[in-house]
Amino acid sequence: MEIDFSRLAHGLIPAIIQDSETKNVLMLGYMNKEAYQKTVETGKVTFYSRSKQRLWTKGEESGNFLNLVDIKNDCDEDSLLIQVKPVGPTCHTGADTCWQTENKSDFGFISTLENTIKTRRENADSEKSYVASLFEKGINKIAQKVGEEAVEVVIEAKDDNDHLFLDESADLLFHYLILLQAKGFELNDVVTVLKGRQK
């Protein structure tokens, strides 16, 4: 990838650092030509420090390196998206990101649903909440519901009604998320197992 540093202000290009797995943005830094070249050559992300007026490799003191996975230039060729595998926290404060957020996988609506299940469980009112009532009935009832929904998914899979198949699939996933929490886990724990099986 060729970058024309001469057309950039002060010869610096903004570098957005993103975790290659979680897709969370970890930090923003700047690179000059030398920092970019060193990053590509060493596989460790190196910036140009505007305050220290020198190159600095992230982690050179802390050991919290950013191991390079991929670099992309944007359509205007004036900013980089750098995907990394971070070693430890990224921010100098010790936080995962420079926005003080946790660097964990987010599954969008599914993560929101997991949080809703957790809230309903913690603020249990079994007369108003179906989720709370399931937790109140215990693990056997929750596991039974997952089994029932799984059978219904199999039955609908053999028919031609896609609407019913998707409805039952949604029911199965919903109850499975409840079962995971009843066992003290989240979907991310299952994803970790799957990643461990990847060849």
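Along every chain, residues carry numbers that run from 1 in the direction the sequence is written. Residues qualify for local features only when their pLDDT is at least 70, as the model is predicted, and side-chain atom pairs are given and counted only at 80 or more; totals for whole chains, interfaces and linings, by contrast, use all residues. Side-chain measures here rest on the full set of heavy atoms in the structure, leaving out hydrogens and waters.

Draft legend 1. Highlighting the packing of helix H3 (residues 130-137) against helix H4 (residues 139-157). Packing of H3 against H4 brings their axes to within 5 Å, and their N-to-C directions diverge by 120 degrees. With respect to H4, the axis of H3 lies oblique. On the side of H3, the interface is formed by Tyr130, Leu134, Phe135 and Lys137, while H4 contributes Lys141, Ile142 and Lys145. Under this grouping Gly is polar, as are all residues other than the nonpolar Ala, Val, Leu, Ile, Met, Phe, Trp, Tyr, Cys and Pro and the charged Asp, Glu, Lys and Arg. Of the residues contributing to the contact of H3 with H4, the split by class is 4 nonpolar, no polar and 3 charged. To obtain each axis, a line is fitted to C-alpha atoms, and for helices this fit is confined to the stretch in contact; angles are then taken between N-to-C directions over 0 to 180 degrees. Note on conventions: DSSP H or I runs of at least 4 residues are helices, E runs of at least 2 residues are strands, and numbering of each starts at the N terminus. Throughout, the term roughly parallel applies to angles under 35 degrees, roughly antiparallel to angles over 145, roughly perpendicular to angles from 65 to 115, and oblique to all others. Here, residues are in contact when the closest pair of their heavy atoms is within 4.5 Å.

Draft legend 2. Expanded view of the packing of aromatic side chains. Ring pairs shown here join Phe, Tyr and Trp side chains whose ring centres sit within 6.5 Å, with only the six-membered ring taken for Trp; geometry is labelled stacked below 30 degrees between planes, edge-to-face above 60, and tilted in between. Summed over all chains, the structure comprises 2 aromatic pairs. Taken together, a centroid distance of 6.3 Å and an interplanar angle of 50 degrees make the contact between Phe5 and Tyr36 tilted. Here Tyr36 lies in helix H1 (residues 33-42) and Phe5 lies in the segment before strand E1 (13-19), a separation of 31 residues in the sequence. Over the face of the ring belonging to Phe65 we find Lys44, whose NZ or CZ atom lies 5.0 Å from the ring centre. Whether a charge lies above a ring is judged from NZ of Lys or CZ of Arg, which has to be within 6 Å of the ring centre and within 35 degrees of the ring normal.

Draft legend 3. Structural view of the pairing of strand E5 (residues 66-73). With 7 bridges joining them, E5 and strand E6 (residues 80-86) adopt antiparallel strand pairing. Residue Asp70 lies in a different strand from E6, and its bridge partner there is Gln83. Note: two strands are recorded as paired if DSSP finds a minimum of 2 bridges between them. Here E5 folds back onto E6, and the loop between the two strands holds 6 residues, one of which, Glu77, carries a positive phi near 55 degrees.

Draft legend 4. Seen up close, H3. Along H3, the positions that sit buried rather than exposed are Val131, Ala132, Ser133, Leu134 and Phe135. Summarising the contacts, the buried residues of H3 are in contact with helix H2 (109-122), H4 and helix H5 (162-182). Where H3 terminates, the next one or two residues include Gly138, which has phi positive at roughly 100 degrees. Only protein chains enter the accessibility calculation, which uses a 1.4 Å probe; a residue whose area is less than 20% of its type maximum is buried, one above 50% is exposed, and one in between is partly exposed.

Draft legend 5. Geometry of the confidence of the model for the chain. Residue-level confidence of the predictor is what pLDDT reports, using numbers from 0 through 100. Confidence in the prediction for the chain averages 94 pLDDT; 99% of positions are at 70 or higher. The secondary structure element of the chain with the lowest average pLDDT is helix H6 (residues 187-197), at 92, and the one with the highest is E6, at 98.

Draft legend 6. Expanded view of a negative patch on the surface. A cluster of acidic side chains, namely Asp4, Asp76, Glu77 and Asp78, defines a negative patch on the protein surface. Inspection of the secondary structure assignment puts Asp4 in the segment before E1. According to the relative accessible area criterion, Asp4 is partly exposed, its value standing at 40%. Exposure above 30% relative accessible area and the lack of any salt bridge qualify a residue for a patch; like charges then connect within 9 Å, and the nonpolar side chains Val, Leu, Ile, Met, Phe, Trp and Tyr within 5 Å. Exposure was quantified through the Shrake-Rupley algorithm and a 1.4 Å probe, taking into account, for residues, occlusion by the shown protein chains and nothing else. By convention in these notes, a salt bridge is any Lys or Arg side-chain nitrogen within 4 Å of a carboxyl oxygen on Asp or Glu. Charged residues are defined narrowly, with Lys and Arg counted positive, Asp and Glu counted negative, and His plus the chain ends left uncounted. Where a charge lies is defined by one atom per residue type: Lys uses NZ, Arg uses CZ, Asp uses CG and Glu uses CD.

Draft legend 7. Expanded view of the sheet that holds E1. The strand order across the open sheet built from 4 strands is E2-E1-E6-E5, with neighbouring strands paired in mixed fashion. Each having just a single partner strand, strand E2 (25-31) and E5 make up the two edges of the open sheet. Pairs of neighbouring strands in the sheet enclose a mean axial angle of 30 degrees, with direction left out of account.

Draft legend 8. Main features of the UniProt feature "domain: Phosphoribosyl-AMP cyclohydrolase" (unreviewed entry) in the chain. UniProt positions are given in the numbering used here, feature names are shortened, and annotations may be inferred rather than shown by experiment. On the UniProt side, "domain: Phosphoribosyl-AMP cyclohydrolase" (unreviewed entry) is annotated at positions that read residues 27-100 here. Between the end C-alpha atoms of residues 27-100 the distance is 10 Å, and the span holds 14% helix and 38% strand.

Draft legend 9. Summary view of the packing of H2 against H5. Between H2 and H5, whose axes approach to 10 Å, the crossing angle comes to 55 degrees. As far as their axial angle goes, H5 and H2 are oblique. The handedness of the crossing between H2 and H5 is right-handed. Contacts between H2 and H5 involve Ile110, Leu113, Glu114, Ile117, Lys118 and Arg121 from the first element and Leu173, Phe174, Leu177, Ile178, Gln181 and Ala182 from the second. Residue composition of the contact of H2 with H5, grouped by class: 8 nonpolar, 1 polar and 3 charged. Working rule for handedness: look at the near helix, and if it is turned counterclockwise from the far one by less than a right angle, call the crossing left-handed; if clockwise, right-handed.

Draft legend 10. Here's a closer look at the domain arrangement of the chain. An automatic or database domain assignment is the source of the domain bounds shown. Partitioning the chain into structural domains gives domain 1 (9-86) and domain 2 (109-196). Between the C-alpha centres of domain 1 and domain 2 the distance comes to 41 Å.

Draft legend 11. Representation of the environment of Glu34 within the structure. In this fold, Glu34 is placed in helix H1. Taking relative accessible area as the criterion, Glu34 reaches 43% and is therefore assigned partly exposed. Here the alpha-carbon distance between Glu34 and Ser105, two residues 71 residues apart in the chain, equals 33 Å.

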